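# Residue-level structural notes
Spelled out, the chains give:
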Amino acid sequence: MGTKTVDEAGIETGAETTNDEDKVNATEAGETAGDTGEKPANEVVSEEEEETAPEETAPEELAPEEAASEGPSGVGQGAGAVVSAGLGVVSLTGSWMGTVAAARETLVGQLQTSSSASVAKQIQAVYGDAWQATALWGGVFALAALLVGVVVLARPAFGAPGRPQAPWIKSAAWAGVALGVVGLLLAVLKYTDVLLGLPSAG
């Protein structure tokens, strides 16, 4: 029962020889692929997937750009320029505070000046002091317009470099400075009676 015939032994020997040859061929094929630098198909597919996959930008790469985009927007400077121009206009046209101050000085002059006082003194108490009060408040508004305009124009020198000031902000600030200078000059001239002084009582 355990004896093999010549045909069975030959068939088994041939099968084993075939399996050995297949193993040798597979080994040689693997060595040849390693020598030529070729990669298996699964590695090639993974590289193609990496190339076609969308690139994700790291958060740290966007941080410098976001930091550069942040900065003063110019809203405060624009508001300051408009305020400066408005104060300059008020210094020339008058304000309710100046009107109230002038009326108060007129009332005080009428109460403190007797009917027996000289005409020059009555004019000064009733009209001169009131006009000076109006000029004083006009000068206060003019000085405020001048200071605010100068601050707005000088602000870019102390802000973020490379961010120019908007042209309309410069125009409004320069308008406020100019109106402030004119208003301050007129206030000083009126307060000292150089401009529109009191008429002579004689």
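Residues numbered from 1 in each chain as written. Predicted model: local features only at pLDDT ≥ 70, side-chain atom pairs only at ≥ 80, totals over all residues. Heavy atoms only, no water.

## Details of the packing of helix 4 (residues 75–93) against helix 7 (residues 167–191)
Which entries qualify depends on this criterion: Interaxial angle, 0 to 180 degrees, is taken between N-to-C directions of lines fitted to C-alpha atoms, where a helix line uses only the stretch in contact. Numbered from the N terminus, helices here are DSSP runs of H or I no shorter than four residues, and strands are runs of E no shorter than two. Roughly parallel means an angle under 35 degrees; roughly antiparallel means over 145; roughly perpendicular covers 65 to 115; every other angle is labelled oblique. Handedness of each helix crossing follows the sense of rotation of the near helix against the far helix: counterclockwise by less than a right angle gives left-handed, clockwise gives right-handed. We call two residues in contact whenever any of their non-hydrogen atoms come within 4.5 Å of each other. Residue polarity follows a fixed list, in which Ala, Val, Leu, Ile, Met, Phe, Trp, Tyr, Cys and Pro are nonpolar, Asp, Glu, Lys and Arg are charged, and the others, Gly among them, are polar.
Interhelical geometry of helix 4 versus helix 7 gives an angle of 25 degrees and a closest axis separation of 7 Å. As judged from the angle between their axes, helix 4 and helix 7 are roughly parallel. Between helix 4 and helix 7 lies a crossing whose hand is left-handed. Residues Gln 77, Gly 78, Ala 81, Val 82, Ser 84, Ala 85, Gly 88, Val 89, Ser 91 and Leu 92 of helix 4 lie in contact with helix 7, whose contacting residues are Trp 168, Ile 169, Ala 172, Ala 173, Gly 176, Val 177, Leu 179, Gly 180, Val 182, Gly 183 and Leu 186. Each residue belonging to the contact of helix 4 with helix 7 can be placed in one class, and the counts come to 13 nonpolar, eight polar and no charged.

## A few points about the packing of aromatic side chains
The relation between two aromatic rings is expressed through the spacing of the ring centres and the mutual angle of the planes. Our working rule: Only Phe, Tyr and Trp rings are paired, with Trp represented by its six-membered ring, and only when their centres lie within 6.5 Å; those with planes under 30 degrees apart are stacked, over 60 edge-to-face, the remainder tilted.
Taken as a whole and assessed by the stated rule, the structure comprises one aromatic pair. Residues Tyr 127 and Trp 131 carry aromatic rings whose centres are separated by 6.2 Å and whose planes lie at 50 degrees to one another, so their mutual orientation is tilted. One end of the pair, Tyr 127, and the other, Trp 131, are both in helix 6 (residues 119–154), four residues apart, so they sit about a helical turn from each other.

## Re unusual backbone geometry
The backbone of Asp 193 sits at a positive phi, close to 65 degrees, despite the residue not being glycine. Along the chain, Asp 193 falls in the segment after helix 7.

## Re the confidence of the model for the chain
Rules: Confidence of the predictor in every single residue is expressed as pLDDT, which spans 0 to 100.
Residues at a pLDDT of 70 or more form 61% of the chain, whose mean pLDDT is 75. Across the chain, the secondary-structure element scoring lowest on mean pLDDT is helix 3 (residues 59–69), at 45, and the one scoring highest is helix 7, at 94. Under a pLDDT of 50 for its full length, residues 39–45 has, in the predicted model, two contacts with residues more than four places off or in other chains. Ignoring residues within four places in sequence, the model shows residues 58–70, a span with pLDDT below 50, making three contacts including any to other chains.

## Re a nonpolar patch on the surface
We count it as follows: Patches were defined on residues exceeding 30% relative accessible area and lacking a salt bridge, with like-charge contacts within 9 Å and nonpolar side-chain contacts (Val, Leu, Ile, Met, Phe, Trp, Tyr) within 5 Å. Under the convention used here, a 1.4 Å probe and the Shrake-Rupley method define accessible areas, while residue burial counts only the protein chains that appear. Salt-bridge detection follows one rule: a side-chain nitrogen of Lys or Arg within 4 Å of a carboxyl oxygen of Asp or Glu. Partly exposed describes any residue whose relative accessible area lies between the buried limit of under 20% and the exposed limit of over 50%, with all areas from a 1.4 Å probe on protein chains only and scaled to the type maximum.
A surface patch of nonpolar side chains, about 420 Å² in accessible area, is lined by Leu 92, Val 182, Leu 186, Leu 195 and Leu 196. Val 182 sits in the partly exposed class, given a relative accessible area of 41%.

## Details of the packing of helix 6 against helix 7
Across the interface, helix 6 lies against helix 7 with an axial gap of 7 Å and an inter-helix angle of 155 degrees. Regarding the angle of helix 6 to helix 7, the classification is roughly antiparallel. Between helix 6 and helix 7 lies a crossing whose hand is left-handed. A class-by-class count of the residues in the contact of helix 6 with helix 7 yields 18 nonpolar, seven polar and two charged.

## Description of the environment of Asp 193
For Asp 193, a relative accessible area of 31% puts it in the partly exposed group. In this structure the C-alpha to C-alpha distance between Asp 193 and Gly 128, which are 65 residues apart in sequence, comes to 8.9 Å.

## What about the environment of Leu 111?
Within the secondary structure, Leu 111 is located in helix 5 (residues 96–112). Sequence separation of Leu 111 and Val 126 is 15 residues, and the distance between their C-alpha atoms is 9.5 Å.

## Description of helix 6
The test is simple: Here, expected helix span is obtained from the residue count minus one, scaled by 1.5 Å. The reported bend at a residue is simply the angle between two axes, fitted to the 7 residues ending at it and to the 7 residues beginning with it.
Taking 1.5 Å per residue, 36 residues should reach 52 Å; helix 6 reaches 51 Å between its end C-alpha atoms and fits that length. At Ala 125, helix 6 is deflected by roughly 40 degrees, the largest bend along its length.

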